[in-house]
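# Topology and contacts: notes
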Amino acid sequence: MKFAFLTISLIFSLQTSFAQKEFERNYDESKVPNFDIPDPLTSFDGQIIKTAEDWSQKRRPELLSFFEENVYGKMPSTIDDLSFKIVEEGDNAINNKATRKQVKITIRKNNQSLSYTVLIYLPKDKSNAPIFLSTNFRGNHTINADPNIILTDAWVPNTKELGITDHKAKESSRGTRTNRWPVEKIIDGGFGLATVYYGEVDPDKDDFSDGLHALFYAEDQQNPKPNEWGSITAWAFALSKTLDYFETDPAINANKTIVFGHSRLGKTSLWAGATDERFAGVISNDSGCGGAALSKRKFGETIAIISNSFPHWFSDSFNQYIENESALPVDQHQLLALIAPRPLYVASAQEDEWADPKGEFLSAHYASTVYNLYGIDGINTNKMPKVNQPIQNTVAYHIRTGKHDVTDFDWENYIKWAKKYIK
Ligand code: GCU
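All values derive from a computational prediction rather than experimental measurement. (Residues numbered from 1 in each chain as written. Predicted model: local features only at pLDDT ≥ 70, side-chain atom pairs only at ≥ 80, totals over all residues. Heavy atoms only, no water.)

The strand order across the open sheet formed by 10 strands is β1-β2-β3-β5-β4-β6-β7-β8-β10-β9, and the pairing between neighbours is mixed. Lying at the two open borders of the sheet, with one neighbouring strand each, are β1 (81-93) and β9 (391-392). Where helix α6 (residues 264-275) meets the sheet, its contacts fall on β4 (131-136), β6 (257-262), β7 (281-285) and β8 (344-349), and the angle it forms with β6 comes to roughly 150 degrees. (Pairing = 2+ DSSP bridges. Helix = DSSP H or I, 4+ residues; strand = E, 2+ residues; numbered from the N terminus. Contact = heavy atoms within 4.5 Å. Axes fitted to C-alpha atoms, helices over the stretch in contact; angles between N-to-C directions.)

Spelled out as structure tokens, the structure:
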């Protein structure tokens, strides 16, 4: 009896210590492991990449394919039909400075369909304006108090502050995220803004029976295969299909679409920019682990932690790198390099150690060798700039004071940089 009790408590304590080890969070720079930065300019078979052509013909495709197969999962290559329907329009929005359009985008596959709505504001006093496109966290109706924005009927997370307890969006949550979306400032800057509620594409939960994935299963399939798309890829896929819509709308300058995202949606904007070269520019705001931050530093959030908390974001094949970062033949700077030579902005927040600001900065720096191959300036210093002092080249970086969030400081700098680099 006593023996049995001891055995059980031993097993229990082993389990707890395993769990604790798995969830270890390091915030101490001196404990960052030694690791080699995988060279963007040496191919997997050892060839040194010396020209932009070799990069785009050989190295870029093999890296893209690695990230597809082993990190985010492959997108489906075909759909049966894509259709667009303008469901609402207004020419007196945002203090009469913008037009508003809401377009329902429907993807059909295997006799099933999924629709989501993109909300679009364009400046009235500027035709051919470049446009920011982003997914959002809580519904299009949260980004502005505009009463004409259609309330989402998709699953939303329960949120006490917003009074949401039954996974249904409420009128009272209209405009509750305006702090992250300075629409008027964006319009005044000469840019359009378009956004999609990510939950309409794939609800953010570890469940692949709903959302976009379910349209693509073979008979008897219930989950993506190990190398097939997780949720980040589904959200990125929807951004690409939104760009397909932009290409059909003469009021939108599709060639100047800048894909933007915060946090998990910053991971999404990076992946969208990497997989779809039509995006003219890419912005990652506080994207952290699985986004801009180098995984091998194991600072703040790690692959083990993120895969435990959000297993549905990545492909199952990513699990092979849990507590095994040294086996990764790539790191996230090579994801950033896939965006070259297009403008790229990586941003961090000083109090957002979870996202590893230094790892985000170094990633932008190490990606810059590929930009340099094109004769373009990236982040050529390996010294982090001071807080609130952005470095803005074709590759840009800033770390601002404050916490994990999107602020006016972030947007003011994105606008300033995009005016210069999105031509
Ligand atoms: C969690 C998660 C991060 C993610 C963030 C967010 O903090 O660990 O990886 O970026 O949520 O999306 O807000």
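With that settled, the discussion passes to helix α2 (residues 52-72). Since the α-helix advances by 3.6 residues per turn, residues separated by three or four positions end up pointing in the same direction. Between its first and last C-alpha, α2 extends only 25 Å over 21 residues, short of the 30 Å set by a 1.5 Å rise per residue. If you look at α2, its biggest bend is around 40 degrees, right at R59, and the proline P61 turns up within four residues after that. What α2 keeps buried is the set A52, W55, R59, R60, E62, L63, L64, F66, F67, N70, V71 and Y72. Buried residues in α2 make contact with α5 (231-248), α6, α8 (332-337) and α9 (357-373). Looking one or two places after α2, you find G73, whose phi comes out positive at around 95 degrees. (Expected span 1.5 Å × (residues − 1). Bend = angle between axes of the 7 residues up to and from the residue. Buried < 20%, exposed > 50% of the residue type's maximum accessible area, 1.4 Å probe, protein only.)

For the coordinates displayed, the defined rule picks out 31 salt bridges. Linking R297 and E29 is a salt bridge whose minimum nitrogen-to-oxygen distance equals 2.8 Å. Note that R297 is positioned in the loop between β7 and α7 (303-309) and E29 in the loop between α1 (2-22) and α2, a separation of 268 residues in sequence. Of the residues examined, R297 reaches a relative accessible area of 3% and is grouped as buried. Of the charged contacts, one joins D244 and R278 as a salt bridge, the two residues approaching to 2.7 Å between their closest N and O atoms. Separated by 34 residues along the polypeptide, D244 in helix α5 and R278 in the loop between α6 and β7 bring together distant segments of the chain. The class of D244 is buried, set by a relative accessible area of 19%. (Salt bridge = Lys/Arg side-chain N within 4 Å of Asp/Glu carboxyl O.)

For N70, the location among the structural elements is in helix α2. Under the relative-accessibility criterion, N70 is labelled buried at 14%. Separated by 3.3 Å, the side chains of N70 and Q320 make a polar contact. Not counting residues within four places of it along the chain, the set of residues in contact with N70 comprises S315, S317, F318, Q320 and Y321. (Polar contact = N/O pair within 3.5 Å; in protein donor to acceptor, adjacent residues only side chain to side chain.)

This next bit is on the packing of α5 against α6. Between α5 and α6, the least distance of the axes is 8 Å, while the angle of their chain directions is 60 degrees. In terms of orientation, α5 and α6 fall into the oblique class. As for how α5 packs across α6, the hand of that crossing is right-handed. Facing I232, T233, W235, A236 and L239 of α5, the residues of α6 in contact are L265, K267, T268, W271 and A272. Its residues assigned to classes, the contact of α5 with α6 comprises 7 nonpolar, 2 polar and 1 charged. (Parallel < 35°, antiparallel > 145°, perpendicular 65-115°, else oblique. Left-handed = near helix turned anticlockwise from the far one by under 90°. Nonpolar A, V, L, I, M, F, W, Y, C, P; charged D, E, K, R; others polar.)

With an omega of 5 degrees, the peptide bond running from A340 to P341 counts as cis. Its location among the elements puts P341 in the loop between α8 and β8. Residues other than glycine seldom take positive phi values, yet N111 does so here, at roughly 60 degrees. Locating N111 in the fold gives a position in the loop between β2 (98-109) and β3 (112-123). In this model, S263 sits at a positive phi of 60 degrees, which is unusual for a non-glycine residue. The exposure class assigned to S263 is buried, which follows from its relative accessible area of 12%.

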